[in-house]
Amino acid sequence: MRHKPMTPPPLALAAAAALGIAILADPLIAQAADPPDKDARATDLQTVKVTGPSQTDLRREDPTLRISIGREDILRHHDDRLGSLLRRLPGVTVTAEGIRMRGLGGDHVQILIDGDLAPAGFLIDSIAPELVERIEILPTAVAEYSTRSIAGTINIVLRRNDGARQRTLKIGAGQSGAGIMPAATLLLSGKRQALAWSVSTTASAPKERLDAIIEEQASDAQGKLLYQRRTDERYAGQTSTFNVAPKLTWALDDRNEVSWDNLLQYRKEAWTRNRKEVVLDGGPSDYPSNRWINDSRTWTAKSDGQWKRRIGEHDTLDVKLGVMHFSRDVDFAFLGYAPDGQFALDRSVVTSATHTAYSSSGKYVNGLSERHDLAFGWDGGSIIRNERRVQRDRAADGTPLDLIDDDYQADIRRLALYAQDQWRTSPRVQTYLGLRWEGLETAVGSRVTGTLHSRSSVLSPIVQWAFKPAAYSKDQFRLGLARTFSAPQPWQLLPRRYSVNNGNGPTNPDQQGNPALRPEIAFGLDASYEHYLGKDGLISLGAYARRIDDVVLRSLYEQDGLWVSTPFNAGKAQTHGLTLDARFALADLLRTDADLQFTANLTRNWSRVASVPGPDNRLADQTPLSGNLGLHWQATKRFSTSMDFSYSGGATNRLSTEWARASTPERTLDVAADWKLDAASRVNLSLSNVLHQRQGSRVVYRDVEGAMERYYGTDSGLAIKLQYERQL
């Protein structure tokens, strides 16, 4: 099927054109003024670094528990993917299924981009780390953001325009066993009187080639082996990504400021999987030899307009309007060969999806005093999502076998009203009180199912305290209470089926939605102790607990000879855990001139689902143990090196009496070195995934009739990257 080319919304194109005019105008203004020399520019940068508060200072003075990762830490390891950065953060793990907090993933974790919810299907790795200003981790909910964050919230804040003149070019090339991986970044910014502008551009085309194995076996009730098969898989793919982020800021006067932030993104992903099955015992699958071919194209455009006004001496008004458009086309083919080697099935699947979101938010802050702020706000929007999937099955001679033409439309409207009170009641105590009401109205439908309407609302009270034993103490205690929720995705409500290509069974079932699915509601407690040492050192020990009602599990049943898995609400669940977070310099502990920075975090999670018999009745494939250890050494003014080790523990998770899943531990080691050649240029070399261990998972189904088992393991490769950076 031929697709019309996707184009970004006119609003985003207009922003890009406006920024282009600003860029062209900037050299003319520069000619009228004396250009700053290199020494003066270096002095300005040093001044900003000295006077600006550190992320540790911001955390210490914040009445809410908010862990901020600044730009210096973001760029330290020269990561190509944002996921590689996130797995180093306390309480965060990144697996093949996505991002997890406190071991929980999926809808339990809220991912925001500049405070706005990321659309379903959006890949975090499509955002280059160079475009990110900071990353905020919020283990406890706050009223200004949605409380659909049972495990927590990760807010990715894109680079802001501070008006400083910048001309930075980065060119890199890497190798991971699949050819050269080029990458480039261009950062430009400037200021013309009251107008500041910036544009950040990144482009990359990484390649991957990985080997995997699939091992399957089944036995009857007496333990007699029915079949045993091994499948070798070769994956080869390339992902090409282009990002451009233009931003404009106008200071209208000393009380009013208007900004326009944009993100345009194009992503093309092409990959193939070749599978070859070997029968060790029993019979083969339907298509023991098969080939998968996938080609997808994604456009993302995000545009936000913001107005900030200072009212009186202490009050402020902040209003934001935004639009996000996400579109994706996927062409997929499955070519299956029968056990005799003859071509048997030609399956083509063409999918197109569009997601358009409009948002409006605002906050009025009433500064009652220097120590007391009272804020009121709203957060509303609408989402229109359309998706169509056409599957055609043909025999080898072209004879039609099956046609599935699915579509669905989702119209989601949301409105939230909130109030929050931040009050330093004494030099030792800070109090945060928040109350958020959030309403959600969803209409999801298709030609087959008709339109399904649902309406829900959640009232979330939030309380947080920060307490110091003494006014100038380096110790601090925190306590937080919040009511949060997790709403199902629209596609989870549709009773349509997603079929697997080969080998349907209890260990590899079809997937189907459930229109009766309800949101999960959780009551949570967070507590932590923080000890600050030296200039920016911190050691923190935290604990959390969640009680979840209407927890969503997956049922498994056989229908018309095919196995199907469907989500459903299944009563109560509990989860709790501990998190240790430490970051400090060697100079914070010893008298030394060595510039050595240490970072470490460790998280242990426990959970129990009441309706699933134990042992191992964990919640949502929760990762039980994860941690990270990092070291950065500034050997000289021109040379630095770093090392980072991450661990994500494996576990067995019982989904029902008969059904269980298990995963293997994942260990990752990254090292990097950075050389400053002169005042304007530097070179860095990084090695990622030095251990290149195999990652695997196993699914087991056992009932009175017998047992089935399926293991899937994927090799990983070492990646080497060399990057050159130049201040133009």
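Position numbers for residues start from 1 in each chain and track the written sequence from start to end. Given that this is a predicted model, residues contribute local features only at a pLDDT of at least 70 and side-chain atom pairs are listed and counted only at 80 or more, while totals for whole chains, interfaces and linings are drawn from all residues. To obtain the side-chain values, all non-hydrogen atoms of the structure were included, while hydrogens and water were left out.

Enquirer: What should I look at first to understand the nonpolar core in this one?
Expert: Nonpolar side chains in soluble globular proteins tend to end up buried together. Residue types Ala, Val, Leu, Ile, Met, Phe, Trp, Tyr and Cys, when buried and joined through side-chain atoms within 4.5 Å, form a set referred to as a nonpolar core. For each residue, the accessible area found with a 1.4 Å probe, counting protein chains only, is set against the maximum for its type, and the residue is called buried under 20%, exposed over 50%, and partly exposed in between. Formed by 40 residues in total, the largest nonpolar core has its most connected members in Leu-82, Leu-86, Val-92, Ile-124, Ile-127, Ile-135 and Ile-154. The helix and strand labels rest on DSSP assignments: H or I over at least four residues marks a helix, E over at least two residues marks a strand, and numbering proceeds from the N terminus. Elements supplying a minimum of two residues to this core: strand 1 (67–69), helix 5 (82–86), strand 3 (98–101), strand 4 (109–113), strand 6 (132–138) and strand 7 (152–158). Residues are treated as being in contact if the distance between any of their heavy atoms lies within 4.5 Å. For Leu-86, the contacting residues outside a window of four places in its chain are Val-92, Val-94, Ile-99, Ile-124, Ile-135 and Ile-154. Val-142, Ala-143, Tyr-418 and Ala-482 belong to the second largest nonpolar core, which has 10 residues in total.

Enquirer: What is the right way to look at unusual backbone geometry in this model?
Expert: Leave glycine aside and you will find that most residues have negative phi; peptide bonds, for their part, are mostly trans. A cis geometry characterises the amide bond from Gly-614 onward to Pro-615, with omega recorded as 0°. With respect to the helices and strands, the residue Pro-615 is situated in the loop between strand 29 (595–609) and strand 30 (625–634). The phi angle at Asp-616 is positive, at roughly 65°, despite the residue not being glycine. The phi torsion at His-692 lies on the positive side, around 30°, for a residue other than glycine. Secondary-structure assignment places His-692 in the loop between strand 35 (681–688) and strand 36 (695–703). When its relative accessible area of 42% is taken as the criterion, His-692 is described as partly exposed.

Enquirer: Where do I start with the side chain of Asp-315 in this structure?
Expert: Of note, Asp-315 is situated in strand 15 (residues 315–337). No salt bridge is formed by the buried Asp-315; its nearest oppositely charged neighbour, Arg-255, is found at 9.3 Å. Any N or O atom pair separated by 3.5 Å or less is treated as a polar contact, with the protein-specific requirement of one donor-capable and one acceptor-capable atom, and with residues adjacent in sequence counted only for side-chain atom pairs. A polar contact of 2.7 Å, which involves the side chain of Asp-315, links it to the side chain of Tyr-364. A distance of 3.0 Å separates the side chain of Asp-315 from the backbone nitrogen of Gly-367, its partner in a polar contact. Once residues lying within four places of it in the same chain are set aside, the contact partners of Asp-315 are Arg-309, Arg-310, Tyr-364, Val-365, Asn-366 and Gly-367. Only four residue types enter the tally: Lys and Arg on the positive side, Asp and Glu on the negative side, with His and both chain ends excluded. One speaks of a salt bridge when a side-chain nitrogen belonging to Lys or Arg is within 4 Å of a carboxyl oxygen belonging to Asp or Glu.

Enquirer: Please explain the pattern of salt bridges as it appears in this structure.
Expert: Side chains carrying opposite charge are able to pair once their charged atoms draw close together. One pass over the full model with this rule turns up 53 salt bridges. The salt bridge partner of Arg-447 is Asp-405, with a shortest N-O separation of 3.2 Å. With Arg-447 in the loop between strand 19 (429–446) and strand 20 (450–467) and Asp-405 in strand 18 (residues 400–426), this pair connects stretches of sequence that are 42 residues apart. The exposure class of Asp-405 is partly exposed, given its relative accessible area of 28%. Put simply, Asp-62, Arg-66, Arg-134, Glu-136, Glu-144 and Lys-363 are held in one network by salt bridges that share partners.

Enquirer: Would you mind showing me how to read the sheet that holds strand 4 here?
Expert: The pairing of strands in a sheet comes from backbone hydrogen bonds and takes either a parallel or an antiparallel form. By this definition, two strands are paired if DSSP reports at least two bridges between them. Spatially, 5 strands are ordered 1-6-7-4-5 in an open sheet, and the strand pairing comes out mixed. Looking at strand neighbours, the two that pair on one side only are strand 1 and strand 5 (116–117), the edges of this open sheet.

Enquirer: It is not clear to me how the pairing of strand 15 should be interpreted in this structure. Could you clarify?
Expert: Both faces of the sheet carry side chains from a regular strand, because those side chains alternate between them. Counting buried residues along strand 15, 17 of its 23 residues qualify, which places the element largely inside the surrounding structure. Relative to strand 15, strand 14 (residues 289–311) runs antiparallel, the two sharing 23 bridges. Pairing of Lys-308 across the sheet is with Asp-318, part of strand 15. The loop that links strand 14 with its antiparallel partner strand 15 comprises 3 residues; one of these, Gly-312, has a positive phi angle of about 65°. Of the pairings in the sheet, the one linking strand 15 to strand 16 (residues 343–369) comprises 22 bridges and is antiparallel in character. Bridging from a neighbouring strand, Asp-331 pairs with Val-350 of strand 16. The loop that links strand 15 with its antiparallel partner strand 16 comprises 5 residues; one of these, Gly-341, has a positive phi angle of about 90°.

Enquirer: Help me understand the environment of Arg-604, please; the structure alone is not making it clear to me.
Expert: Residue position: Arg-604 is located in strand 29. Taking the C-alpha atoms as reference, Arg-604 lies 5.7 Å from Pro-624; in sequence the two are 20 residues apart. For Arg-604, the side chain forms a polar contact with the main-chain oxygen of Pro-624, separated by 3.3 Å.

Enquirer: Even after reading the chapter, I still don't get the sheet that holds strand 22 (residues 497–498), so can you show me in this structure?
Expert: With respect to topology, 4 strands assemble into an open sheet ordered 22-23-27-26, the strand pairing being mixed. Sheet topology places strand 22 and strand 26 (552–559) at the edges, where each strand pairs with a single neighbour. Relative to strand 27 (residues 562–569), strand 26 is paired through 8 bridges, and the arrangement is antiparallel. Paired with Gln-559 across the strands is Leu-562, a residue of strand 27.

Enquirer: Sorry if this is basic, but what is going on with a nonpolar patch on the surface here?
Expert: A surface patch of nonpolar side chains, about 570 Å² in accessible area, is lined by Trp-675, Leu-677, Leu-685, Leu-718, Ile-720, Leu-722 and Tyr-724. On the basis of relative accessible area, Leu-677 is assigned to the partly exposed category, the value being 45%. What goes into a patch is any residue over 30% in relative accessible area without a salt bridge, connected to like charges within 9 Å or, for nonpolar side chains (Val, Leu, Ile, Met, Phe, Trp, Tyr), within 5 Å. Per-residue and other accessible areas follow the Shrake-Rupley method at a 1.4 Å probe size, with only the shown protein chains counted as cover for residues.

Enquirer: For this particular structure, what's the right way to read the pairing of strand 12 (residues 225–251)?
Expert: As paired strands, strand 10 (residues 195–204) and strand 12 are joined by 10 bridges and run antiparallel to one another. If you follow Ser-198 over to strand 12, its bridge partner there is Lys-247. Bridge analysis of strand 11 (residues 207–220) against strand 12 gives 13 bridges, and the strand direction is antiparallel. By the bridge assignment, Ile-213 is partnered in strand 12 with Asp-232. Taking the residues that link successive antiparallel strands as the turn, the strand 11-strand 12 hairpin has 4 residues, and the phi of Gly-223 there is positive, at about 90°. Bridge analysis of strand 12 against strand 13 (residues 256–281) gives 22 bridges, and the strand direction is antiparallel. Bridging from a neighbouring strand, Ala-236 pairs with Thr-272 of strand 13. Counting the residues that bridge the hairpin from strand 12 to strand 13 gives 4 residues.

Enquirer: Where do I start with the side chain of Thr-507 in this structure?
Expert: Inspection of the secondary structure assignment puts Thr-507 in the loop between strand 22 and strand 23 (510–512). Residue contacts for Thr-507: discarding those within four places in its chain leaves Val-699, Tyr-701, Met-708, Glu-709 and Arg-710.

Enquirer: Which parts of the structure should I look at to understand the packing of aromatic side chains?
Expert: When we look at a pair of aromatic rings, we describe it by the centre distance and by the angle of the planes. When two rings of Phe, Tyr or Trp (its six-membered ring) have centres within 6.5 Å they constitute a pair, described as stacked for plane angles under 30 degrees, edge-to-face for angles over 60, and tilted for the intermediate range. A complete count under the given rule lists 10 aromatic pairs for this structure. Note on Tyr-235 and Trp-271: the rings are 6.0 Å apart at their centroids and 35° apart in plane angle, and the pair reads as tilted. With Tyr-235 in strand 12 and Trp-271 in strand 13, the pair connects residues that are 36 residues apart, well separated along the chain. You'll find Tyr-235 and Trp-271 in the same group, each marked buried. Between Tyr-266 and Trp-299 the ring centres are 5.2 Å apart and the planes differ by 50°, which places this aromatic pair in the tilted class. Taken as a pair, Tyr-266 in strand 13 and Trp-299 in strand 14 lie far apart in primary sequence, 33 residues in all. According to the relative accessible area criterion, Tyr-266 is partly exposed, its value standing at 27%. Three or more aromatic residues joined by ring pairs form one cluster here, namely Tyr-287, Trp-292, Phe-332 and Phe-334. Above the plane of the ring of Tyr-544 lies Arg-102, whose end atom (NZ or CZ) is 4.4 Å from the centre. Only when the NZ of Lys or the CZ of Arg is both within 6 Å of the ring centre and within 35 degrees of the ring normal is a charge said to sit over the ring. Positioned above the aromatic ring of Tyr-227 is the side chain of Arg-229, whose terminal nitrogen or guanidinium carbon lies 4.0 Å from the ring centre.

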